[in-house]
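Chain by chain, the residues run as shown.
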Amino acid sequence: MEEVKSITNVEFTKLNKSEYTILDVRDEAEIIVHPISGTVNIPFQSLLKNLSSHLAQIPKDKPVVVICRTGDTSEQIAELLLDHGYDVYNLEGGTKSLESQTESNDDNQKKSVSNEPVFIDAKGLKCPGPIVKVSDTLKTLKNGQQVFVQATEDAFASDIKVWCQRTNNILEKLEIKEGVIEALVTKNESNAVATGSGGSSGNDKTFVVFSGDLDKAIAAFIMANGAAAMGRKITVFFTFWGLNILRKAKRVHVRKNLIEKMFGAMMPRGSKKLGLSRMNMGGMGAKMIRWVMKNKNVSSLEELMQNAIAHGVRIVACQMSMDIMGIRKEELVDGVELGGVATFLGSCETSDATLFI
């Protein structure tokens, strides 16, 4: 059986992109933070669910390079395209490897020798997008280099001040001009936490998600993404009804007894089936809030979850609750680990904040 060919980050940066189709299977939240120009973007889940409907968007007249965040999901899509007769390559290590390859990236070379601030356009992004983008950009820079940020969300004026205070990066200037918030931030490398080393244990955060309501789940993951952008170690512990947030949307065939099957049938299957804690209106309320979020450029719950996992947020499902409710590990989305009360308490002991949602 023919195997998928691979390409390294160094080889990728030297490609003549006009001679290849670059298929980006990351979700929108990841692309906002780490955009790559000249790609065809079709999210992984959409391709996996209905590849045949997307093949027209992927020309066969030139080789295809499939990219994702880590190189794992892109390899799965590359294998499917290989079966359909494509000349296909998988980017080893994904876009994460590209971010670390500063020597072969022209933009990063300019950053390393230039005294000019790196510009971040966060206009139109909603919380926690602007702060995440600032954090991720600073991680690629050297000590003393600066970023100049423009954002339009009013909360960013407060967020960037608090973020700089808590991460020890230096807020040099903060101005509001015609509705645009402008911030100049200098990287202060003396702060280990800001570079994502997981530094001081006293600043960790632990969230317990007991509720299975859509609005509460959105709030939990907005806070988790924001805390991750501040370089904190985050554990989100899902128990009882909160486990439904982690269930896969499609039914997974696993052996269950009658009671477990009844539980499964009565509970929402995955994040897209969650209702609101208020004004659910038979599911119409949830559809309305998703529509409003999309039109206001707020990341969906699914995008927030994927972005949190990509940024190192620890997602833990309570094994005891799963046993009671008849939920199997195979039914949970990728990136979830199983844990119990000791896992939860251990996380709490290194946290300065524990929230019950």
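Heads up: the structure comes first, above all this text.
Residues numbered from 1 in each chain as written. Predicted model: local features only at pLDDT ≥ 70, side-chain atom pairs only at ≥ 80, totals over all residues. Heavy atoms only, no water.

Novice: Break down the packing of helix α7 (residues 129–139) against helix α8 (residues 156–167) for me, with residues and values.
Specialist: Running from amino to carboxyl end, α7 crosses α8 at an angle of 40 degrees, the nearest separation of the two axes being 10 Å. Crossing handedness for the pair α7 and α8: right-handed. Seen from α7, the contacting residues are Pro130, Ile131, Val134, Ser135 and Leu138; seen from α8, they are Phe156, Asp159, Ile160 and Trp163. (Axes fitted to C-alpha atoms, helices over the stretch in contact; angles between N-to-C directions. Helix = DSSP H or I, 4+ residues; strand = E, 2+ residues; numbered from the N terminus. Left-handed = near helix turned anticlockwise from the far one by under 90°. Contact = heavy atoms within 4.5 Å.)

Novice: How would you explain the sheet that holds strand β6 (residues 118–122) if you had to name every residue and give the values?
Specialist: Pairing is mixed across the open sheet formed by 4 strands, whose spatial order is β6-β7-β9-β8. Lying at the two open borders of the sheet, with one neighbouring strand each, are β6 and β8 (170–177). The mean inter-strand angle of the sheet, taken between neighbouring strand axes irrespective of direction, is 15 degrees. Pairing analysis gives 6 bridges linking strand β7 (residues 146–151) to strand β9 (residues 180–186), with the strands arranged antiparallel. Its bridge partner lying in β9, phenylalanine 148 is registered against leucine 184. (Pairing = 2+ DSSP bridges.)

Novice: Explain the packing of aromatic side chains to me, using residue names and the numbers behind them.
Specialist: Tallied over the entire structure, the rule returns 5 aromatic pairs. Linked through ring pairs, Phe210, Phe240 and Phe356 together constitute an aromatic cluster. Geometry around phenylalanine 12 places lysine 17 over its ring, the cationic atom sitting 4.6 Å from the centre. We note lysine 60 situated over the ring of tyrosine 86; from NZ or CZ to the ring centre the distance is 5.2 Å. (Phe/Tyr/Trp six-rings, centres within 6.5 Å; stacked < 30°, edge-to-face > 60°. Lys NZ or Arg CZ within 6 Å of the ring centre and 35° of its normal.)

Novice: Talk me through α8; I want residue IDs and the actual numbers.
Specialist: The first and last C-alpha atoms of α8 sit 16 Å apart over 12 residues, in line with the 16 Å expected at 1.5 Å per residue. Within α8, burial applies to Phe156, Ala157, Ile160, Trp163, Cys164 and Thr167. One side of α8 holds all its buried residues, which, seen down the axis, span an arc of 135 degrees. If you follow the buried residues of α8, they end up packed against α7, β7, β8, β9 and α9 (214–229). Phi turns positive one or two residues past the end of α8, at asparagine 168, with a value near 70 degrees. (Expected span 1.5 Å × (residues − 1). Buried < 20%, exposed > 50% of the residue type's maximum accessible area, 1.4 Å probe, protein only. Arc of directions from axis to C-beta.)

Novice: Pulling in residues and values, what's your account of the nonpolar core?
Specialist: Formed by 34 residues in total, the largest nonpolar core has its most connected members in Val236, Phe238 and Leu301. Looking at this core, the elements with two or more residues in it are β10 (204–209), α9, β11 (234–238), α11 (284–295), α12 (301–310), β12 (314–318) and α13 (319–325). The element that contributes the greatest number of residues to this core is α9, accounting for 8 residues. Residues in contact with valine 236, not counting those within four places in the same chain, are Phe207, Val209, Ala224, Val313, Arg314, Ile315 and Val316. Judged by nonpolar contacts, the second largest core, of 23 residues, contains Leu125, Leu141, Ala229 and Met230. (Core = buried A, V, L, I, M, F, W, Y, C linked by side-chain atoms within 4.5 Å.)

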